[in-house]
Amino acid sequence: MGGKRIIKGMKEALAISKGELPKNSYKIHIPETIDVKAIREKIGLSQTSFANSFGLSVYSLRNWEQGKRQPDPAARAYLKVIEKAPEVVVKALAV
């Protein structure tokens, strides 16, 4: 899967989560819950490194992992992309 396709998908997921696209124009699945700690551990990063690598707040990451909060739909979609293709996300975000 190419980086451009993932970025396009992330933008569409964000637009969908904001209600900016009609529901009949897409077919995606954003999970209701997501195991953020499992994704981070699968990639092999500390909380700080994971947050820094993907532009996330360490505070939010800790709250998600401790079950105090659940990521919003856009964040869950982003985390699924990170889970499936972390190297593509890092490459897309690199400056």
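Structure shown above.
Rules behind the numbers
Residues numbered from 1 in each chain as written. Predicted model: local features only at pLDDT ≥ 70, side-chain atom pairs only at ≥ 80, totals over all residues. Heavy atoms only, no water. Axes fitted to C-alpha atoms, helices over the stretch in contact; angles between N-to-C directions. Helix = DSSP H or I, 4+ residues; strand = E, 2+ residues; numbered from the N terminus. Parallel < 35°, antiparallel > 145°, perpendicular 65-115°, else oblique. Left-handed = near helix turned anticlockwise from the far one by under 90°. Contact = heavy atoms within 4.5 Å. Nonpolar A, V, L, I, M, F, W, Y, C, P; charged D, E, K, R; others polar. Salt bridge = Lys/Arg side-chain N within 4 Å of Asp/Glu carboxyl O. Buried < 20%, exposed > 50% of the residue type's maximum accessible area, 1.4 Å probe, protein only.

A. Broad picture of the packing of helix α2 (residues 36-43) against helix α5 (residues 73-84). For the pair α2 and α5, the least separation of the axes is 10 Å and the interaxial angle reads 25°. Here α2 is positioned roughly parallel relative to α5, judged by the angle of their axes. As α2 packs across α5, the resulting crossing turns out to be left-handed. On α5, the residues that touch V36, I39, K42 and I43 of α2 are L79, I82 and E83. By residue class, the composition of the contact of α2 with α5 is five nonpolar, no polar and two charged.

B. Main features of the side chain of E65. In this structure, E65 sits in helix α4 (residues 58-65). Every residue in contact with E65, bar those within four places of it in the chain, is listed here: V36, K37, R40 and Q47.

C. Summary view of the pattern of salt bridges. Counting across every chain of the model gives two salt bridges. Among the ionic pairs, E65 bridges to R40, the shortest N-O distance being 2.5 Å. Linking E65 in helix α4 with R40 in helix α2, this pair joins segments that are 25 residues apart in sequence. Each member of the pair, E65 together with R40, is buried. Among the salt bridges present, the one from E83 reaches K80, with a minimum N-O distance of 2.8 Å. On the criterion of helical spacing, the pair formed by E83 and K80 is a turn pair, its members being three residues apart in helix α5. Judged by relative accessible area, which is 21%, E83 ranks as partly exposed.

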